[in-house]
Amino acid sequence: MAIGSIGEVERDGGLIGDLPVQLCVDQLRLWDRPPLSESRARVWILLGLAGVALRRRSFDDARTLLEGAVALVDSPAAQLEHHLATCYLLTRLDADVRRAEAAARPHLEAARRILETVRAELDPSDAACFQARLLDHEAFDANRRGDSARALAMYRSLPAEDVHPFASYRRDAGLAFGLHRQGAHDEALRLAQRACEHAGDGGYVRLRVMGLLMVARIQGASHNASTLTRAAAIAKRLEDPELLIRVERAQPK
């Protein structure tokens, strides 16, 4: 895989991000040597390692890596990835929802401006993935504030056509969550299952785990044991602390 591919896989959340955590680190360290480590292309290595740190919930390490990447960020794709990763980090650092949202907002707005500026130059599938990620951040904030109706409206605003499996996953998983909160469980379950199919079509193993957890949430404790078992097995194989915590939280109390 060429170094340019690191940017491609990081920005739509696949391949590198779907390997077991330690294997991700090993692969990135293979690239982190001259001449790549002495070039501006090293930004993708740092962003990849920051993504691994976020999966490990090593938030201080993620912050250090993202700060180290700032001086190397020059391309629009790298700028978008840096702002979106920083948004994710900042919303996890502070339990106060409004304070965390305020900290992340400048990065979200910067990412939106960049995407609006370069959208015409991007491959349509790349543009769709970035758009879905931007909206997912905003909807995450709305859901945390308790404004699930606004979050659901955001997901409904995404294009209905399936341009890329990652973008389709984000749309359908978000719709499933919002409809489940509104009590439309049958439609929510259908969309959650379809989100799992999108994840499988794109080879996004981590997204498939999150999709299965959504299915389990909608199925309820009396019917979701086998779904949770599948999700847990995948998370363990990926050695992914963030996913394992999500699986643990989904278990019946």
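Residues numbered from 1 in each chain as written. Predicted model: local features only at pLDDT ≥ 70, side-chain atom pairs only at ≥ 80, totals over all residues. Heavy atoms only, no water.

A description of the pattern of salt bridges should follow, citing residues and the corresponding values.
Any two side chains of opposite charge can pair, on the condition that their charged atoms come close. This model, assessed by the stated rule, comprises 20 salt bridges. A salt bridge links Glu-242 to Arg-57; its shortest N-O distance comes to 2.6 Å. Highlighted residues: Glu-242 in helix α13 (residues 241-250) and Arg-57 in the loop between α3 (42-55) and α4 (59-69), separated in sequence by 185 residues. Relative accessible area serves as the criterion here: at 5%, Glu-242 is assigned to the buried category. Judged by its relative accessible area of 29%, Arg-57 is partly exposed. In this structure, Glu-81 and Arg-133 form a salt bridge, with 2.8 Å as the shortest nitrogen-oxygen distance. Placement of Glu-81 in helix α5 (residues 76-93) and of Arg-133 in helix α7 (residues 124-144) is noted, with a sequence separation of 52 residues between them. Taken as a pair, Glu-81 and Arg-133 share a single burial class, namely buried. Several salt bridges converge on common partners, so that one network encompasses Glu-101, Arg-105, Glu-109, Arg-112, Glu-138 and Arg-145. (Salt bridge = Lys/Arg side-chain N within 4 Å of Asp/Glu carboxyl O. Helix = DSSP H or I, 4+ residues; strand = E, 2+ residues; numbered from the N terminus. Buried < 20%, exposed > 50% of the residue type's maximum accessible area, 1.4 Å probe, protein only.)

Go over unusual backbone geometry, please, and point to the residues and values.
Note that the residue after Pro-34, namely Pro-35, is joined by a cis bond; omega there is 5°. If you check the backbone angles, Arg-57 has positive phi at about 60° while not being a glycine. Phi is positive for Glu-239, which is not a glycine, with a value near 50°. Here Glu-239 falls in the partly exposed class, since its relative accessible area comes to 46%.

An account of the layout of surface pockets is needed here, citing residue identities and associated values.
Taken as a whole, the second largest pocket spans an internal volume of roughly 150 Å³. What lines the second largest pocket is a set of 13 residues, among which Ala-128, Gln-131, Pro-159, Val-163 and Ala-167 lie closest to the centre. For the lining of the second largest pocket, the elements supplying multiple residues, two or more each, are α7 and α9 (165-181). Residues that form the lining of the second largest pocket fall into these classes: 8 nonpolar, 2 polar and 3 charged. (1 Å grid on protein atoms, 1.4 Å probe; cavity = no way out; pocket = protein on both sides within 12 Å on 5 of 7 lines; lining within 4 Å. Points joined across faces, edges and corners; volume = space filled by probe spheres on them. Nonpolar A, V, L, I, M, F, W, Y, C, P; charged D, E, K, R; others polar.)

Quick one: what's the story with the packing of aromatic side chains, residue by residue and with numbers?
For the structure shown, the criterion picks out 1 aromatic pair. Ring plane angle 75° and centroid distance 6.0 Å describe the contact between Phe-166 and Tyr-204, whose orientation is recorded as edge-to-face. Of the two residues, Phe-166 sits in helix α9 while Tyr-204 sits in the loop between α10 (185-202) and α11 (205-219), which places them 38 residues apart along the sequence. Overall, the relative accessible area of 3% leaves Phe-166 in the buried class. The ring of Tyr-88 is capped by Arg-92, whose NZ or CZ atom sits 3.7 Å from the centre of that ring. Directly above the ring of Phe-140 sits Arg-92, whose terminal nitrogen or CZ lies 4.4 Å from the centroid. (Phe/Tyr/Trp six-rings, centres within 6.5 Å; stacked < 30°, edge-to-face > 60°. Lys NZ or Arg CZ within 6 Å of the ring centre and 35° of its normal.)

Go over the packing of α11 against α13, please, and point to the residues and values.
It is the contact of α11 with α13, at a shortest axis distance of 11 Å, that shows an interaxial angle of 10°. Taken together, the axes of α11 and α13 lie roughly parallel to each other. On α13, the residues touching Arg-206, Val-209, Met-210 and Leu-213 of α11 are Glu-242, Leu-243, Arg-246, Val-247 and Ala-250. Among the residues making up the contact of α11 with α13, the classes are represented as 6 nonpolar, no polar and 3 charged. (Axes fitted to C-alpha atoms, helices over the stretch in contact; angles between N-to-C directions. Parallel < 35°, antiparallel > 145°, perpendicular 65-115°, else oblique. Contact = heavy atoms within 4.5 Å.)

Break down the nonpolar core for me, with residues and values.
One finds Tyr-169, Leu-207, Val-209 and Val-247 to be the most contacted residues of the largest nonpolar core, which totals 40 residues. Contributing elements (two or more residues each) for this core: α7, α8 (148-156), α9, α10, α11, α12 (225-238) and α13. Not counting residues up to four positions away in its chain, the partners in contact with Leu-207 are Asp-18, Phe-166, Tyr-169, Arg-170 and Ala-199. (Core = buried A, V, L, I, M, F, W, Y, C linked by side-chain atoms within 4.5 Å.)

So, α4: which residues are in play, and what are the values?
It helps to recall that an α-helix has 3.6 residues per turn; residues three or four apart then point in one direction. For α4, the set of buried residues is Phe-59, Ala-62, Leu-66 and Ala-69. One side of α4 carries all its buried residues, which in axial view fall inside an arc of 80°. The exposed set on the far side of α4, more than 90 degrees from its buried face, consists of Asp-60, Thr-64 and Glu-67. Contacts made by the buried residues of α4 are with α3 and α5. (Arc of directions from axis to C-beta.)

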